Amino acid sequence: MENKERRLVSGKGQFVDDLEFAGMASLVFVGSPYAHAKILRIDVNKALETVGVLTIITGKEIVELTNPLPVQADLKGPGWIWRLPKVYALAVARVRWYGEPVAAVVAEDENTAREAADLIEIEYEPLPFVNDVVEAMKPGSPLLYSEWESNVQAHVKFDFGDVDSAFAEADRVIKVSWREGRASGFPIEGRGCVASYDKIMESLTVWGSFQTPFTAKHIFAETLGMPEVKVKIVSVDIGGAFGNKLHTWKGQVVALASVLTGRPVKWFELLREWIVTGPHQRDVVWEGEVAIKNDGRVLGLKANVIIDLGVEGTNRGLGTMSIIPACCSVPNAYHWKGMHVEGYGIVTNKSFYCAYRGYGKDKGIKFIERVMDQVAREVGITPEEVRFINFIQPDEFPYRQINNYTYDSGNYPAVLNKALELAVVKYCRERQRELTQQGKYIGVGMAFTIEPAGIAAPNTLFGGMTEANVKIMPDGTVEVNSDWTDLGQGAEESNAIIVSDILGCKIEDIVVPPVTSDWIGMGPLSSRGAVYIASAVAKAAKMIREKILTCASVFLKEPRENIDIADGIIYSVDDPEKRLTYKELAQRVYFFPGPRAFPKEVLLKHDHLLDVTTTWYSPNTAETGSTYTTFCSSADVAVVEVDTQTGVTKILKYVHVHDAGKIISQEIVDGQIHGGVVQGIGEALYEKLVYSQNGLLLSDSYSDYLMPTATDSPDIIVGHLETPSPFTELGSKGMGEAPIIGSKAAIIAAIEDALTPFNIRVSNSPATREKVWKWIRDSQKKSNNEVT
Amino acid sequence: MKVPVRFKVNKEEHKLEVDPRTTLLELLRNQLKIKSVHRGCEVGDCGACTVLLNGEPVYSCLTLAVQANEAEITTVEGLMKDHELHPLMKSFLENRGLQCGYCTSGLLMTAYFLINNLGELTEEEIRKGIEGNICRCTGYMGIVKAIKAAAEGKNSGNWW
C-alpha cells in the first residue's frame, strides 16, 4: 500500500484546496479596514445582485443563527483575574482588529465571490485603538471590551518554594529584562475547510486542515447549536500546522453557509489572510530580578511577564492559557530555592492569540536562558559553567521541580557536554580572540532547554483525553486509529512503526486512515503524540497481540508461550513449519475457524474479536499533578559572525543535542529538530509582525514577514542521547518544541557574545540587521553605555 | 472576452479559451485539474506554485495563462513514468526531503531544473538555487541532501 509520503511526493496530496464536490460553492471573507470601529451599516444589496452570488452572511445572521464561540479555558484561580469576552464567529456591531472578518460572501466560484465582496458597502465609525501593551494597561486607555474594567484579560500569580529566603541568602541581585517580538508559524498552507450540510439527515461534515478534529467537532456543534453526534470533522492532508491550526472559528461560518445554501461550501485562505487573521504568538515583555551567589549559583527569581494577546485568547483559540506555562516553565533545568512569577495577558487591537510551537513554555525558558547568560557575565564565568553549576543532576530523577512539574528523566550535563564537543567550543573561542584583533566579530552562544510535553490541563478543552484503536481486518491488513493527526510530522508513520514492532506484522500491511472526530482525543498538540497517543496505540497493539496469540494457539495447536510473530508470520517457535500468515489467521478467526470452531473459553472472553480500543493517561499527572508528563532536554550551541558594517548575522556553525527518551524514529526526530531550529532562527533574526501607527498590519506577506530560506538556514549538526521516560508506555518523550526554543535563545546569545567589545546587551528580538546595526552605532557614540 | 491559448502540459496538448486575467496557476489547477501545483501566497513570495515553462522554473501565480501560449509546461505529474517515481522523487523519499508536502511539488520542479542545467552541485549552490522555494517544516536539511544525492545519481545515469 502506498504510504503517505510517496503519495505526497508524486503530487497526489489531498489538501483542502484540492477538494471538489458536486455543486461546491466558494466562500470569501471581508475584513475590517480599521483596528477598532463601530459597524454602523452593512449594505449587501449590490453584492447580492452579482450573478453567481448565493448568499452573504454578516454579524446579523451570525447572532440570529449561531451561538457565541465556546470558551476554551476557564482558569480563574484565587487572586487571579480571568475574564471571558463574548465572541461570535463574525464581528458583531464592532470590529476590534485590522482584518477582522465582518462578512462572508458565498458564490458559485471564488473569483465571483471576490468581485462581489468588493461591492459590499460598510460604514464604520472608527474608535480609538490601542496596540501596545504598556499603553493598554494605563488607566484611560481605550477598552476593547466596555464591560471590563481594564484591558487585562488574565492576571496569574505563582509562588514556588521560598522566594523570600532565597533573596535573603543572596550575595547579589541582578535585574534582567527580555522582550520577544510578535511572531507566529504561518505554514505555507493556510487554513481552510469544505463544509457540507445534509438537509435530510440534518448532519454536517467538514473536511479541513484541522489539527484536532475531535475538539473541532465540539466547537462546531456548540457554535451551530447542533448535537455533536450530527457533526463530523475529517482532517485531510495538512500543509503544516505547528499549533497554528488547532483552533477553529471561521470554519463555523463556512458551515453556516452550507446550511443556508444547501450546497457544499469551500473556504481556503491564502497567505495574506492567514497572517492578518491567524493566531499570533510570542510578543512578551519580561522584567525580573535574580538572586544569586557569587559563584554563579542561582537561588531565587522574581519576574513579571506581559503578553500581548491581541483581541483575546480564550474563545477563537486557547492562547491565554499559555501564560501559565510561560510562568511555570521558568525554573527550566536548574535548582532553585524559590520564585515569584506573575503573568499579565493584555488585550489589544491585534489578531487573536493561540498556539505556536512552544506555546507558553518557550517563553519562560528563553527568559531564564537570558538570565543565566547574564549571571555568567556578572560573576565572570562561562555560559556553560553557570549551567553546569546549577543543573539538576542525573541521579535526582524523577525530580519534583519547584513549579510542581515532575521531571521524568534526563542527563543534562551529558547533553550539554556533547553539544560543546560537537561545536568545538574551545577552538571557536580561540578563533574568536584572533579574529577580534582583525576587526571580525564572531560569537558563541548556547541555550539549554527542557521541553515539558504532553499537557493535561483540567478546566480547558485540553484535559488529556486520548483513544487508540487497532484492528485486524479479515484480509489480514491492520488498521490503526487515534487522534494523531498527521501534520507532516510523521504521525502516520510513527503509528505504523509502533504497531508493526509490537505485532510483528509487515509495516506495508498497516493502514492509518486520516484522523476524524470519530476518535476521542485532543490531537497532536503539546508534543503529546509520543506521550499520550503513542502510549495508547502501543497499549492497544499489546492487547490485540494477546488475542492474536490466543487465536493462533487454537489454530496451531500450540501453547501461547511457544508462539512468536515476525515479518507477518505467526509461527511456533519449536516447529516453525506450523505457521499462519496474518491473512490466514484473520480469515479463520472471522469466518472459517474449522469444524470445532473456537473453544468456549475464547468465545466467552471475546478473544476472537480482533479489534481493540483503549486509552492512556499519564501516571505522572495522575500521581503528582504535574500538568506535563515528559521532559525531554536539549542543548543548542551556535557560532555566528556579526558584520558590524551591515548588522548581518551569519551562522557559522550550529549544533543541537537532544534527549527525547526512547526514540520511535530517528529520521522523524531529526526532521523535527531541523525544522524547529530553522523556525527559531527565523524568530531570532527575521520574523516580526508589525502594526502601523494606524493599527494596520504592515507585515502581511512573506516579503515583509521574512521566513528563513535555504540560504538563511545553516547546516545543523545533531547529536542524540536517550534517557527513557519511566512514565510512558514506550519510554518515549514528546519532542519537537525544544528546537524552536533553544535555537532562538542560542542565536541571541551568540550575537550578544560577538558584540561583547561593544558592550551590548541583546534583550529584545528579533535581532534584525537594522537593529544590530543601530545598536553598534549607538554604542560607538557612547562608550560604556548599555544599549538594547 | 476570452482568448484562445494552446500549450502542452506534461507532453499533452491543450487548446482552450481563457479569460485573459487567468493565471497559469488557476488554469492548471481549476481547468486542467493538475493539483500538484499548490496555492500558497498567490503573490510570488513562497514558490509553492513553481512549474517549468519551457524548461525554466516560473511562479505560476505570477504568470498569466496567455503568457504560456505555445509553451511546454512541466509539473510533478510529468516527471513520473506511469506509476514509477522519478529518481529525484525517490531521493526525496529516501532522504526525508519532505514533511507536510505542501512546498514539495514546487521544490521538485526547481530542483529538476537545477540538476538538469547545473550538473554537479555544491551544497551552497543547491541552497542558493532553491532560495525561491520556502519550506517551513524541514529546515531544508533533508531537501539539500535529497537534491545532492539525486544530482550524484544523475551522473551515474539514474535520471530521466
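The structure displayed is predicted, hence computed values, not measured ones.

**Regarding the pattern of salt bridges**
Residue and element names in this part refer to chain A.
Moving on, step 1. Evaluated as defined, the whole model comprises 75 salt bridges over all chains.
Moving on, step 2. Glu273 is the partner of Lys250 in a salt bridge, and the nearest nitrogen-oxygen pair spans 2.9 Å. Residue Lys250 is found in helix α8 (residues 250–261), and its partner Glu273 is found in helix α9 (residues 271–277); the two are separated by 23 residues along the sequence. Glu273 shares its class with Lys250; the two are buried.

**So, the pairing of strand β3 (residues 50–53) of chain B**
Residues and elements named next belong to chain B.
Moving on, step 1. The alternating pattern of β3 places Thr50 and Leu52 on one face and Val51 and Leu53 on the opposite face, and all of these are buried.
Moving on, step 2. A loop of two residues connects β3 with strand β4 (residues 56–59), the two strands running antiparallel in sequence, and Asn54 in this loop sits at a positive phi of about 50°.
Moving on, step 3. In the sheet, β3 pairs with strand β5 (residues 72–74) via two bridges, with the strands oriented antiparallel. The residue of β5 that forms the bridge with Leu52 is Thr74.

**What to know about the environment of Cys46 of chain B**
Moving on, step 1. Mapping Cys46 of chain B onto the fold places it in the loop between α1 (24–31) and β3.
Moving on, step 2. Cys46 of chain B sits 60 residues away from Gly106 of chain B along the chain, and the two C-alpha atoms are 9.3 Å apart.
Moving on, step 3. Once you skip the residues sitting within four places of it in the chain, Cys46 of chain B turns out to touch Ile188 and Tyr702 of chain A together with Gly40, Cys41, Gly132, Asn133 and Ile134 of chain B.

**A look at the pairing of strand β20 (residues 468–472) of chain A**
Residues and elements named next belong to chain A.
Moving on, step 1. Where burial is concerned, most of β20 is hidden: five out of the five residues are buried.
Moving on, step 2. Going residue by residue along β20, you find Ala468, Val470 and Ile472 tucked away on one face and Asn469 and Lys471 tucked away on the opposite face as well.
Moving on, step 3. Note that β20 and strand β21 (residues 478–481) share four bridges and pair antiparallel. Pairing of Ile472 across the sheet is with Val478, part of β21.
Moving on, step 4. From the end of β20 to the start of β21, which pair antiparallel, there are five residues, and Gly476 there has a positive phi angle of about 85°.

**Overview of the sheet that holds β4 of chain B**
All names here are of chain B.
Moving on, step 1. If you trace the five strands from one edge of the open sheet to the other, you get β2-β1-β5-β3-β4, paired in mixed fashion. Two strands lie at the open edges of the sheet, namely β2 (12–18) and β4, each paired on one side alone. Between one strand axis and the next, the sheet turns by 40° as a mean value, whatever way the strands run.
Moving on, step 2. Bridge count between strand β1 (residues 3–9) and β5: two bridges; the pairing is parallel. Of the residues in β5, the one forming a bridge with Val9 is Ile73.
Moving on, step 3. Sitting on the sheet, α1 touches β1, β2, β3 and β5, and the angle it makes with β2 is about 110°.
Moving on, step 4. Set on the sheet, helix α3 (residues 104–118) makes contact with β3, β4 and β5; between it and β3 the angle comes to about 40°.

**Considering the interface of chain A and chain B**
Moving on, step 1. Every contact between the two is made by 52 residues of chain A and, on the other side, 42 residues of chain B.
Moving on, step 2. For the chain A face of the interface with chain B, the top three residues by lost area are Val9, Ile188 and Ala710 of chain A, together amounting to 17%.
Moving on, step 3. Counting across the chain A and chain B interface gives ten salt bridges.
Moving on, step 4. When the shortest N-O distance is used, the salt bridge between Arg136 of chain B and Glu687 of chain A registers 2.8 Å.
Moving on, step 5. The tally of links between chain A and chain B comes to 22 residue pairs in polar contact (both at pLDDT 80 or more).
Moving on, step 6. Listing elements by their share of the side of chain A that touches chain B, those giving two or more residues are α1 (4–9), α4 (110–117) and α20 (666–685) of chain A.

**Focus: the sheet that holds strand β7 (residues 121–126) of chain A**
Residues and elements named next belong to chain A.
Moving on, step 1. With antiparallel pairing, three strands are arranged side by side in an open sheet as β5-β2-β7. In the strand order of this sheet, the two ends are held by β5 (94–95) and β7, each with one partner.
Moving on, step 2. Alignment of strand β2 (residues 37–43) against β7, held across six bridges, turns out to be antiparallel. Across the sheet, the residue bridging to Asp43 is Glu121, located in β7.

**Some words on the environment of Ser258 of chain A**
Residues and elements named next belong to chain A.
Moving on, step 1. Mapped onto the secondary structure, Ser258 falls in helix α8.
Moving on, step 2. Ser258 sits 61 residues away from Tyr197 along the chain, and the two C-alpha atoms are 5.5 Å apart.
Moving on, step 3. Once residues within four sequence positions are removed from consideration, Ser258 is found in contact with Ala195, Ser196, Tyr197, Arg263, Pro264 and Val265.

**Things to note about the packing of helix α16 (residues 532–556) of chain A against helix α17 (residues 582–590) of chain A**
All names here are of chain A.
Moving on, step 1. Between α16 and α17, the shortest axis-to-axis distance is 11 Å and the interhelical angle comes to 85°. When the axes of α16 and α17 are compared, the pair comes out roughly perpendicular. Where α16 abuts α17, its residues Ile548, Cys551, Ala552 and Phe555 lie against Tyr582, Leu585, Arg588 and Val589.
Moving on, step 2. Classifying every residue of the contact of α16 with α17 gives seven nonpolar, no polar and one charged.

Criteria and thresholds
Residues numbered from 1 in each chain as written. Chains lettered and ligands numbered in written order. Predicted model: local features only at pLDDT ≥ 70, side-chain atom pairs only at ≥ 80, totals over all residues. Heavy atoms only, no water. Salt bridge = Lys/Arg side-chain N within 4 Å of Asp/Glu carboxyl O. Helix = DSSP H or I, 4+ residues; strand = E, 2+ residues; numbered from the N terminus. Buried < 20%, exposed > 50% of the residue type's maximum accessible area, 1.4 Å probe, protein only. Pairing = 2+ DSSP bridges. Contact = heavy atoms within 4.5 Å. Axes fitted to C-alpha atoms, helices over the stretch in contact; angles between N-to-C directions. Buried area = accessible area lost by both parts, 1.4 Å probe. Polar contact = N/O pair within 3.5 Å; in protein donor to acceptor, adjacent residues only side chain to side chain. Parallel < 35°, antiparallel > 145°, perpendicular 65-115°, else oblique. Nonpolar A, V, L, I, M, F, W, Y, C, P; charged D, E, K, R; others polar.

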